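# Summary of the model geometry
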Amino acid sequence: MANGLDTATPYVQLSRAQWSDLRKNTPLTLTESELEELRGVDDPIDLTEVTDIYLPLTRLLNLHFTGVRQRSAALNTFLGGERRTAPYVLGIAGSVAVGKSTTARLLHTLLARWPEHPRVDLITTDSFLFPNEVLTARNIMHRKGFPESYDRRALVRFVADVKAGLPEVTAPIYSHLEYDIVPGATQTIRRPDILIVEGLNVLQPAPPTALAINDYFDFSIYVDAKVEHIRDWYVDRFHKLRQTAFEDPKSYFRHLAELSEEQATEFAEDIWRDINERNLLENIAPTRGRADLVLHKSADHSVSRVRLRRI
């Protein structure tokens, strides 16, 4: 392998230093106070990480966006008509607690500050979880987050409608506080330049004869880390939530705030082992090879290497 190229795989692998060098002259448009608002619970990301990892990534995505727009314009010329350019759709996948939501929020903010694509929207697949009432009736409440707990058809239809350029497309809203879909509440997407779709299973292949949401993606990212590191982050985050969100009287998990430190650790480790790790190994990690880019994190949450699909 030379310069990160490995002829045995479709990827080029880059060290953190090699990837950081690809930032070129991309300016840092984020302040420390803005980053503080974008951080996830117990996520130590700092401006150095933004500069080294996310600025090169926004440069790549901007170049890719421009290329896709040029290809679309060429097709419109061939077809002999003026057609509205389809929104660029970016998918972000990864495990619970790996930091994909922070990645999505960061890219949402940073990409919107490029003049080529100022209208950027973000949707999470949590919005397409079946309501708890449905999950309970189907006896799969314990499998919330697994592929079968999502309204896959509604999710695919939503992304297809946005990609088709419909003036307005609505999605349900999910409340992490109430741990359920909010009845009657919707999020409206109005012809964005870029739509970011973030979720556990966004790279999941479709059943035979059906389409998957990733069939509509222009680019996809998988946020990766060792299983044991993600487990530790999950348990640490659980403890932080006990001291914050779980103490809200409206929280679905209000009762967990009363656990002792030892009980909370045991509970979190059980949930990780029986649900989240199982979902990761069975459903999420196997889709990593479908991503266009993989961000691999070290134990301290920092990205240590990047794999970029070149074919």
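Worth saying up front: this structure is predicted, and the values here are computed from it rather than measured.

Grouped together as the largest cluster of nonpolar side chains are 84 residues, with contacts concentrated most on Tyr54, Leu90, Leu107, Phe158 and Ile196. Discounting chain neighbours no more than four positions away, the residues touching Ile196 are Leu90, Ile92, Ala104, Leu107, His108, Leu111, Val120, Asp121, Leu122 and Ile123.

Compared with the 16 Å implied by 1.5 Å per residue over 12 residues, the 16 Å span of helix H4 (residues 100–111) between its first and last C-alpha is a close match. Here H4 lies mainly inside the structure; 9 of its 12 residues are buried. Within the sequence span of H4, burial applies to Lys100, Thr102, Thr103, Ala104, Leu106, Leu107, Thr109, Leu110 and Leu111. Next to the buried residues of H4 lie helix H2 (32–38), helix H3 (47–79), strand E2 (88–94), strand E3 (120–124), strand E6 (194–198) and strand E7 (219–224).

Next up on the list: the pairing of strand E5 (residues 180–189). Alignment of strand E4 (residues 169–175) against E5, held across 6 bridges, turns out to be antiparallel. For Ala171, the partnering residue across the bridge sits in E5 and is Gln187. Taking the residues between adjacent antiparallel strands as the criterion, E4 and E5 are bridged by 4 residues, where Tyr179 takes a positive phi near 60 degrees.

Reading the values: the criteria
- What you see as residue numbers is a count from 1 along each chain, following the sequence as written.
- Local features in this predicted model are restricted to residues of pLDDT 70 or higher, and side-chain atom pairs are both shown and tallied only at a pLDDT of 80 or more, whereas totals for entire chains, interfaces and linings draw on every residue.
- Each side-chain value is worked out from all heavy atoms of the structure, with water and hydrogens disregarded.
- Think of a nonpolar core as a cluster: buried Ala, Val, Leu, Ile, Met, Phe, Trp, Tyr and Cys residues, connected wherever their side-chain atoms sit within 4.5 Å.
- Only protein chains enter the accessibility calculation, which uses a 1.4 Å probe; a residue whose area is less than 20% of its type maximum is buried, one above 50% is exposed, and one in between is partly exposed.
- We call two residues in contact whenever any of their non-hydrogen atoms come within 4.5 Å of each other.
- Counting from the N terminus, the helices are DSSP H or I runs at least four residues long and the strands are E runs at least two residues long.
- How far a helix is expected to stretch is found by multiplying one less than its residue total by 1.5 Å.
- Between any two strands, at least two bridges found by DSSP are needed for them to pair.

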